[in-house]
Amino acid sequence: MPAMNDMQYIRNFSVIAHIDHGKSTLSDRLLEFTGTVGQRELQAQTLDNMDLEREKGITIKSHAIQMYHQYKDKKTYTLNLIDTPGHVDFSYEVSRSIAACEGALLLVDATQGIQAQTISNLYLAIDNDLEIIPVINKIDMPSAMIEEVTEQIVDLIGCDPDEIVHASGKTGEGVENILNAIIERIPAPEGDPEAPLQALIFDSVFNPFRGVIAYFRVFNGTIRKKQPIRFHNTGKEYVAEEVGILQMDQVPKPALSAGNVGYVITGIKDTREIKVGDTITAVGDQEAQPIQGFEEVKPMVFAGIYPIDNDDFEDLRESLNKLQLNDASLVFEPESSVALGFGFRCGFLGMLHLEIIQERLSREFDMEVITTIPNVSYQATTKKGEFLIINTPNDLPDPTLLDFIEEPYIDAQIITKPEFIGSIMKLCMDKRGILMKQVYLTTTRVELTFHMPLAEIVFDFYDNLKSISRGYASFDYAPLDYRRSDLVKMDIKLNGENVDALSALVHRSKAESFGRQICKKLKELLPRQQFVIAIQAAIGAKIIARETISALRKDVTAKCYGGDISRKRKLLEKQKKGKKKMRQVGKIQVPQKAFLEVLKLNK
Amino acid sequence: MSGIYIHIPFCKRKCHYCNFHLSASMKYKDDVVAAILKEISLTPDFLKGKQLSTIYFGGGTPSILSSEDFALIFNQLEAHYSLDCLKEVTVECNPDDVTPDFIRGLEGTPVNRYSLGVQSFYDGDLRALNRTHTKKQVFQAIELIRHSNAKSWTLDLIYGLPEMTMERWMSNLQMTHAVDAPHISAYALTVEPRTALYHFIQKRQLRLPDDGQVTAHFDALMRWAGERGYEHYEISNYALRGHRAVHNSSYWEGQAYLGLGPGAHSFDGAFIRRWNVRNNPIYVRKIARGEVPYTSEMLTPDDLYNEYVMTRLRLSSGVSRMDLSGMGERYLHRFEEAISPHVESTLIQLSEGHWRLTDAGKHFADRIASDAFII
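Topic: the overall build of chain A
Here is step 1 of the chain: For chain A, the helix and strand inventory stands at 14 helices and 33 strands.
Here is step 2 of the chain: In chain A, which comprises 603 residues, the proportion classed as buried is 57%.
Here is step 3 of the chain: Within the structure as shown, chain A displays about 25,500 Å² of accessible surface, and the carbon and sulfur contribution to it stands at 48%.

Given below as structure tokens:
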């Protein structure tokens, strides 16, 4: 379908939705209706193309796809859908994707109503002056509460009830109305195709054959094939070997001008050279201005990653190198542990990012790893005035040599219903948070702002928040500053031996209860062995908590009924597989999962 | 040497610890027997060239078969196998089925060994397990068997039963001694999920002895058996001289056996295991069409090694160094490496080229075997 080349026939939009509200299914319907993808090619939920994304039901990477729709005026419009990640770990990527659009669909499940998670992205979109098109999805469900949800939306964004589109991703009802609304209500992009080039990079992906592919939105000027380009913030120059638009596959084009969304291939092999939020400009353009809002994404959480089998250390390095190719936010360097041997200290955007990396190592590289207790990055100043960055508890100098330690604080926003204020305040105070602000956004939505230590949200904060607010609290944060703190190193001992991989830096006031909880959790996680196991938490030489696991007395099963040897063999094979996922610490078998699970204290 | 196992998948009622999918209804009994007769005629090649030494009727409850059923089965077997060299023909029995008529019905057949599902000599235990028999019936059955022309017999016992004290367990062993059982199979109770017993324990209507008590039952049993001249020749089996179970030993020693009936398992003595479909109606229907409904698996060298280690560690003869090096030096090395910590903690000992579990090691047979597994 020939699209009109004029900017006034382009619409750029994203979709804001809570997990499970049907974003992926509805996106698929849009692609199907516009003929962008045939029903046969439609692997359920086309946009989430990592297996992991489909399973977790969340979008991890941003994606973009172009479709065409012929409107009532007989003109064919180009619609660029820019999908956004759905988790606070990736909020910077979300903000860049939103910055690339003029409008957004606010998708709300008719059976569930507005969920808090949607709200922070919605406000991000409103802050970026995006035109919001509210859509009530799943109207075909018997439990749909259309009137109630309509009221909620009107309450939240102050629109007219008539402006809300009713749709069903399942039946396809309302899909055409959505397409028409996008054309009617979302403004066409503005910009000057003849002006100096300014294109915003909102995502990049790694292709083993083509290298790194950057996704961008042109704000001004035109990007042409074979044109020398410059990435403004890194200062690096390349040649645009290929530019094009994103459909189900990449479609090369000679040029893309202001208002368009597309991709560029420059032969770069390392994703770290392409930074989300950077601006593409033309080489030689001395006056080139970056698009506002670029930030260097910094790892927030650090943890050791170790191979189960020490012989796999080099394979692990190779796998992490490959992962880094399409995930520039992952950083790592070698380290060693007495308990675990050789491994890597890795930096992540957050806990979900950590879990994703661990999962991808297992799925894509068949690499089973042990992850140690995660920590944030501390700053220590010694009495001699040396300044040290502490990314692992074992780097912490002896307390007698320390002048002071500082820990990172964040500015945290929580949006919730008024009835949950009390319990959320208590949670945040328990986490050493300081309430800075309390603002009613509507009569039923309140925004709380806290300054909190980042370390306190690393472990179980998010799960806690979700459960005390019954899912009705959105959480967003940004790094704030470093503040002095009374931190101590807590060690965990198994039968008297220090397990360095389980050491943690904790606030002194929390050490004892944290130690007790970790010992208790380890008691659940460690399988019984043929001897008694003492689990202790200690600060220096002082034991602050203790648990005991009694010895295993027997492990022998009865007969093989009627010569069924296979069943028993398979049972023992399973037992053996479980053991393969264990790590020997001294004489004690520690399951791989224990190192991470130990922190899920409330489960 | 080879054996035939015949599975009779019916019970009068289901024991509380049983997780088998078996039928408590006799509806298909005649159909299943007819199908087994036909299966005999469909499978004579499986044991070709191997002398038939043992037959074993297991279940379920083979003692629900009538003497006519047994006669039909033996006639059919005779038509396809030579029964001249049979050493052992065993029938598993529930004590309440063992009547003078039952014993008389089997005289004149090749049956020469009875396996009696006693489980406990206490009515309270038997009721708690939902067994169909009583203590009185146990003694009657033993009396009849001892006066029959059977060459040997055995009884099953379970320890670690709900509420079982050491006194209760020792008195079960004294009863066993009193009736001169030439062979005993004794198992620790395993509570499988989705059984009535599991449910009662979850609901705290029954209380199991803790692992320490169950371990003590096993230790007491081993001591008791040794003092009374029983040879502890397999982890759950004890025999007076000349009374080892020949058929069951063939499972543990890797010999060929053919399983007949729903859910029955077969092994070709080399590397093929197969098992019939468990479902009675499907089994009957397929056999009627001349087709044996089974699934099979081909064992790899690693599987064969794993099975060898798993079964031999349970035997008093143990794992032979020569057998392992016959499989390949890699297996020998692997085994030696994997068990070295257990040798150190004297759970297993090497003497005269055989590794054998010590009494302490017998409590951990599964763990030690799986440590040595290759996967």
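Moving on from the model shown.
So, the state of the cysteines
As used in these notes, a disulfide is a covalent bond between sulfur atoms, one from each of two cysteines.
Residues and elements named next belong to chain B.
Here is step 1 of the chain: Throughout the structure, instances matching the rule amount to zero disulfides over all chains.
Here is step 2 of the chain: Between Cys15, a free cysteine, and Cys18, which holds the nearest cysteine sulfur, the sulfur-to-sulfur gap is 6.3 Å.
Here is step 3 of the chain: Judged by relative accessible area, Cys15 falls into the buried class, the value being 16%.

Re unusual backbone geometry
All names here are of chain B.
Here is step 1 of the chain: Here the amide bond leading from Gly59 into Gly60 is cis, since omega sits at 20°, within 30 degrees of zero.
Here is step 2 of the chain: Inspection of the secondary structure assignment puts Gly60 in the loop between β2 (52–59) and α2 (67–80).
Here is step 3 of the chain: Unusually for a residue other than glycine, Arg194 sits at a positive phi of about 60°.
Here is step 4 of the chain: Within the secondary structure layout, Arg194 lies in the loop between β6 (183–188) and α7 (196–202).

Notes on the pairing of strand β12 (residues 242–246) of chain A
Residues and elements named next belong to chain A.
Here is step 1 of the chain: Burial runs high along β12: five of the five residues are buried.
Here is step 2 of the chain: As paired strands, β12 and strand β15 (residues 261–265) are joined by three bridges and run antiparallel to one another. Among the inter-strand pairings, Val243 is bridged to a residue of β15, identified as Val264.
Here is step 3 of the chain: For β12 and strand β13 (residues 250–253), the ladder comprises four bridges, and the chain directions are antiparallel.

A word on the side chain of Gln379 of chain A
Residues and elements named next belong to chain A.
Here is step 1 of the chain: Looking at where Gln379 falls in the secondary structure, it is placed in strand β21 (residues 378–382).
Here is step 2 of the chain: Residue classification places Gln379 among the buried residues on the basis of a relative accessible area of 16%.
Here is step 3 of the chain: Ignoring any residue separated from it by four or fewer positions in sequence, one finds Gln379 in contact with Phe387, Leu388, Phe404, Ile405, Glu406 and Tyr482.

Some points on the nonpolar core
Here is step 1 of the chain: One finds Leu361, Ile414, Phe461 and Phe475 of chain A to be the most contacted residues of the largest nonpolar core, which totals 87 residues.
Here is step 2 of the chain: Take this core: its biggest share by element is six residues, from strand β23 (residues 402–416) of chain A.
Here is step 3 of the chain: Ignoring sequence-local partners within four residues, the contact set of Leu361 of chain A consists of Ile305, Leu316, Ser319, Leu320, Leu323, Asp366, Met367 and Val369 of chain A.
Here is step 4 of the chain: Grouped together as the second largest cluster of nonpolar side chains are 80 residues, Cys15, Phe20, Ala150 and Ala186 of chain B included.

A word on helix α1 (residues 23–33) of chain A
Each turn of an α-helix holds 3.6 residues, which means side chains three or four residues apart point in the same direction.
Residues and elements named next belong to chain A.
Here is step 1 of the chain: Within α1, eight of the eleven residues are buried, which leaves it mostly tucked inside the rest of the structure.
Here is step 2 of the chain: Of the residues making up α1, those classed as buried are Lys23, Ser24, Leu26, Ser27, Asp28, Arg29, Leu30 and Leu31.
Here is step 3 of the chain: Those residues of α1 hidden inside the fold are in contact with β1 (10–17), β2 (63–70), β3 (76–83), β4 (103–109), β5 (131–137) and α6 (175–185).
Here is step 4 of the chain: Downstream of α1 by one or two residues, Gly35 has phi in the positive range, about 70°.

Re the pattern of salt bridges
Here is step 1 of the chain: Using the criterion set out here, one finds 46 salt bridges over all chains in the structure.
Here is step 2 of the chain: When the shortest N-O distance is used, the salt bridge between Lys510 of chain A and Glu456 of chain A registers 3.2 Å. You can see Lys510 of chain A sitting in helix α12 (residues 508–525) and its partner Glu456 of chain A sitting in helix α10 (residues 454–458), a full 54 residues away along the chain.
Here is step 3 of the chain: The class of Glu456 of chain A is buried, set by a relative accessible area of 11%.
Here is step 4 of the chain: Arg244 of chain B is the partner of Glu231 of chain B in a salt bridge, and the nearest nitrogen-oxygen pair spans 2.6 Å. Taken together, the residues Glu231 of chain B in strand β7 (residues 231–234) and Arg244 of chain B in the loop between β8 (237–239) and α9 (246–252) connect sequence positions 13 residues apart.
Here is step 5 of the chain: By relative accessible area, which is 36% here, Glu231 of chain B ends up partly exposed.
Here is step 6 of the chain: Residue class for Arg244 of chain B comes out partly exposed when judged on its relative accessible area of 36%.
Here is step 7 of the chain: Ionic contacts of the salt-bridge type, sharing partners, join the residues Arg569, Lys570 and Glu573 of chain A together with Arg273, Glu297 and Glu307 of chain B into one network.

Describing a negative patch on the surface
Here is step 1 of the chain: Taken together, the side chains of Glu131, Asp160, Asp162 and Glu163 of chain A present a region of like negative charge at the surface.
Here is step 2 of the chain: Exposure remark for Asp162 of chain A: the relative accessible area of 69% places this residue in the exposed category.

Notes on the environment of Asp162 of chain A
Here is step 1 of the chain: If you trace the backbone, Asp162 of chain A turns up in the loop between α5 (146–157) and β6 (165–166).
Here is step 2 of the chain: Separated by twelve residues in sequence, Asp162 of chain A and Thr150 of chain A place their C-alpha atoms 9.5 Å apart.

Thoughts on the sheet that holds β15 of chain A
Strand pairing in a sheet relies on backbone hydrogen bonds, with the paired strands running either antiparallel or parallel.
All names here are of chain A.
Here is step 1 of the chain: Sheet architecture is open: eight strands sit in the order β11-β10-β16-β7-β8-β15-β12-β13, paired in antiparallel fashion. Across the chains shown, the open sheet's two edge strands, defined by having one partner strand only, are β11 (237–239) and β13. Mean inter-strand twist for the sheet, computed between neighbouring axes without regard to direction, equals 40°.
Here is step 2 of the chain: Note that strand β8 (residues 211–220) and β15 share five bridges and pair antiparallel. Bridge pairing in β15 links Phe216 to Gly262.

Let's talk about the environment of Leu502 of chain A
Residues and elements named next belong to chain A.
Here is step 1 of the chain: Turning to its location among the elements, Leu502 is positioned in the loop between β28 (497–498) and β29 (504–507).
Here is step 2 of the chain: Judged by its relative accessible area of 3%, Leu502 is buried.
Here is step 3 of the chain: Taking C-alpha positions, Leu502 is 9.4 Å from Ile518, a pair spaced 16 residues apart along the chain.
Here is step 4 of the chain: Filtering out sequence-adjacent residues up to four positions away, Leu502 remains in contact with Ile373, Met490, Ile492, Leu522, Phe595 and Val598.

What to know about the packing of helix α9 (residues 421–430) of chain A against helix α11 (residues 461–468) of chain A
All names here are of chain A.
Here is step 1 of the chain: Between α9 and α11, the least distance of the axes is 10 Å, while the angle of their chain directions is 160°. Put simply, α9 runs roughly antiparallel to α11. α11 is crossed by α9, and the crossing has right-handed handedness. For the pair formed by α9 and α11, the contact residues are Ser423, Ile424, Leu427 and Cys428 on the first element and Phe461, Asn464, Leu465 and Ile468 on the second.
Here is step 2 of the chain: For the contact of α9 with α11, the per-class residue count stands at six nonpolar, two polar and no charged.

What about the interface of chain A and chain B?
Here is step 1 of the chain: Tallying the contact residues gives 28 residues for chain A and 39 residues for chain B.
Here is step 2 of the chain: Summed over both sides, the interface between chain A and chain B buries roughly 3,300 Å², with carbon and sulfur atoms accounting for 55% of that surface.
Here is step 3 of the chain: Counting across the interface, chain A meets chain B through seven salt bridges.
Here is step 4 of the chain: Between Asp371 of chain B and Lys579 of chain A there is a salt bridge, and its shortest N-O distance comes to 2.5 Å.
Here is step 5 of the chain: Our count for the contact surface shared by chain A and chain B stands at 18 residue pairs in polar contact (both at pLDDT 80 or more).
Here is step 6 of the chain: When its residues are assigned to classes, the side of chain A that touches chain B shows six nonpolar, seven polar and 15 charged.

Basis of the calculations
- Residues numbered from 1 in each chain as written.
- Chains lettered and ligands numbered in written order.
- Predicted model: local features only at pLDDT ≥ 70, side-chain atom pairs only at ≥ 80, totals over all residues.
- Heavy atoms only, no water.
- Helix = DSSP H or I, 4+ residues; strand = E, 2+ residues; numbered from the N terminus.
- Buried < 20%, exposed > 50% of the residue type's maximum accessible area, 1.4 Å probe, protein only.
- Areas by Shrake-Rupley, 256 points an atom, 1.4 Å probe, with all protein chains shown as cover.
- Disulfide = S-S within 2.5 Å.
- Pairing = 2+ DSSP bridges.
- Contact = heavy atoms within 4.5 Å.
- Core = buried A, V, L, I, M, F, W, Y, C linked by side-chain atoms within 4.5 Å.
- Salt bridge = Lys/Arg side-chain N within 4 Å of Asp/Glu carboxyl O.
- Patch = residues over 30% accessible without salt bridge, like charges linked within 9 Å, V, L, I, M, F, W, Y side chains within 5 Å.
- Lys, Arg positive; Asp, Glu negative; His and termini not counted.
- Charge placed at Lys NZ, Arg CZ, Asp CG, Glu CD.
- Axes fitted to C-alpha atoms, helices over the stretch in contact; angles between N-to-C directions.
- Parallel < 35°, antiparallel > 145°, perpendicular 65-115°, else oblique.
- Left-handed = near helix turned anticlockwise from the far one by under 90°.
- Nonpolar A, V, L, I, M, F, W, Y, C, P; charged D, E, K, R; others polar.
- Buried area = accessible area lost by both parts, 1.4 Å probe.
- Polar contact = N/O pair within 3.5 Å; in protein donor to acceptor, adjacent residues only side chain to side chain.

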